[in-house]
Amino acid sequence: MPSNTVLLVEDERDIREMLTFSLERAGFVVATAETAEQALAMLEGPLPGLAIIDWMLPGLSGVQLARKLRQDALTRDLPLLMLTARGEEADKLKGFDAGFDDYMTKPFSPRELVARIKALLRRSGEPEDGVLEIGPLKLDTRGHHVVVGDDRVRIGPTEFRLLELLMRNPDRAFDRGQLLDRVWGRNVFVEERTVDVHVLRLRRALSPFGMDKTVQTVRGVGYRLAPQLAAG
Ligand code: CA
């Protein structure tokens, strides 16, 4: 799932369709799941920017789903918004306790939901225009392109996701297993060596701009964004 996607987990078809319509009109890409189990399978790979989860779902409930997502290092920081038909204080507290960042009580206005989603994304560090910028490097998460100054970088889809992850986490080193989980997904079988191949391709793509040192090898760990870039 690309990072500009909102994942909507809702079993009621009418609400799902109404929300998909409103979110798409507000410029989001929407992925939908009818159950928590289906959502978990979809969250095994590259993550959406945010998930909207209905409390009352068949099978695992929305609250149980949130707990699971918070316990997993891969999805721990994913912004979560709860939809609930119950407006009682105790329920809200239970939702926050399970790890939801915000909630909306049905029935609600789609415009308010969109406003809350935007606020949540801002809080999670998502740039307003969807463009990540580090030094002269700009990565457009919505338009799916990378530029250095005015020049477009020719970059493959995997290298794009790799660079996006590193630019979103400029202070972090990732080991190969973490990169595989986040860039390729857990349900895909790839050897760790594949990571090195794509890091090499990414460096080659950036080398015409003198930026082949953007991705740094951390001995015994994996890779990170070059600290001098992250700082500047
Ligand atoms: Ca429901």
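See above for the structure.
Residues numbered from 1 in each chain as written. Predicted model: local features only at pLDDT ≥ 70, side-chain atom pairs only at ≥ 80, totals over all residues. Heavy atoms only, no water.

Caption draft 1: Spotlight on the nonpolar core. The biggest cluster of nonpolar side chains holds 29 residues, and the ones touching the most others in it are Leu137, Leu139, Val146, Leu163, Met167, Leu179 and Val195. The leading source of residues in this core is helix H6 (residues 157–168), at six residues. Core analysis: the next-biggest nonpolar cluster, separate from the first, contains 23 residues, Ala36, Leu69, Leu80 and Phe100 among them. (Core = buried A, V, L, I, M, F, W, Y, C linked by side-chain atoms within 4.5 Å. Buried < 20%, exposed > 50% of the residue type's maximum accessible area, 1.4 Å probe, protein only. Helix = DSSP H or I, 4+ residues; strand = E, 2+ residues; numbered from the N terminus.)

Caption draft 2: The arrangement of the environment of alanine 39 in detail. Looking at where alanine 39 falls in the secondary structure, it is placed in helix H2 (residues 36–42). Taking relative accessible area as the criterion, alanine 39 reaches 0% and is therefore assigned buried. The spatial distance from the C-alpha of alanine 39 to the C-alpha of arginine 86 is 22 Å, given a sequence separation of 47 residues. Setting aside residues up to four positions removed in sequence, alanine 39 forms contacts with Leu7, Val9, Ala33 and Leu65. (Contact = heavy atoms within 4.5 Å.)

Caption draft 3: Focus on the sheet that holds strand E7 (residues 137–140). Spatially, the four strands line up as an open sheet ordered E6-E7-E8-E9, and their pairing is antiparallel. Only two strands of the sheet have a single neighbouring strand rather than two, namely strand E6 (131–134) and strand E9 (151–153). Across the sheet, the mean angle from the axis of one strand to that of its neighbour is 25°, orientation sign disregarded. As paired strands, E6 and E7 are joined by four bridges and run antiparallel to one another. Its bridge partner being in E7, leucine 132 is matched across the sheet by leucine 139. (Pairing = 2+ DSSP bridges. Axes fitted to C-alpha atoms, helices over the stretch in contact; angles between N-to-C directions.)

Caption draft 4: Summary view of the pairing of strand E11 (residues 215–218). Relative to strand E12 (residues 222–225), E11 runs antiparallel, the two being bridged by four bridges. Each bridged residue has a counterpart across the sheet, and for valine 215 the counterpart in E12 is leucine 225. Turn length for the E11-E12 hairpin, with the two strands adjacent in sequence and antiparallel, is three residues, and the turn residue glycine 220 shows positive phi of about 75°.

Caption draft 5: Quick peek at unusual backbone geometry. Cis geometry marks the peptide bond from lysine 106 to proline 107; its omega dihedral reads -5°. Mapped onto the fold, proline 107 is located in the loop between strand E5 (102–105) and helix H5 (110–123).

Caption draft 6: The pattern of salt bridges, seen in detail. Counted by the stated rule, this structure contains 16 salt bridges. Between arginine 168 and glutamate 126 there is a salt bridge, with its nearest N and O atoms 2.7 Å apart. In this pair, arginine 168 sits in helix H6 while glutamate 126 sits in the loop between H5 and E6, placing the two residues 42 residues apart along the sequence. Between arginine 176 and aspartate 196 there is a salt bridge whose closest N-O contact spans 2.8 Å. (Salt bridge = Lys/Arg side-chain N within 4 Å of Asp/Glu carboxyl O.)

Caption draft 7: Structural context of the side chain of lysine 106. Position of lysine 106 relative to the elements: it lies in the loop between E5 and H5. Here lysine 106 falls in the buried class, since its relative accessible area comes to 17%. In contact with lysine 106, not counting residues within four places along its chain, are Glu10, Glu12, Ile15, Asp54, Leu83, Thr84 and Ala85.

Caption draft 8: Main features of helix H1 (residues 13–25). Its 13 residues give H1 an end-to-end C-alpha distance of 18 Å, which sits within 8% of 18 Å, the value for a rise of 1.5 Å per residue. Among the residues making up H1, those that are buried are Ile15, Arg16, Leu19, Thr20, Ser22 and Leu23. Here the buried face of H1 lies against strand E1 (5–9), strand E2 (29–33), strand E3 (50–54), strand E4 (80–84) and H5. Positive backbone phi, at 95°, marks glycine 27, one or two positions downstream of H1. (Expected span 1.5 Å × (residues − 1).)

By themselves, these figures tell us nothing about what the structure is for.
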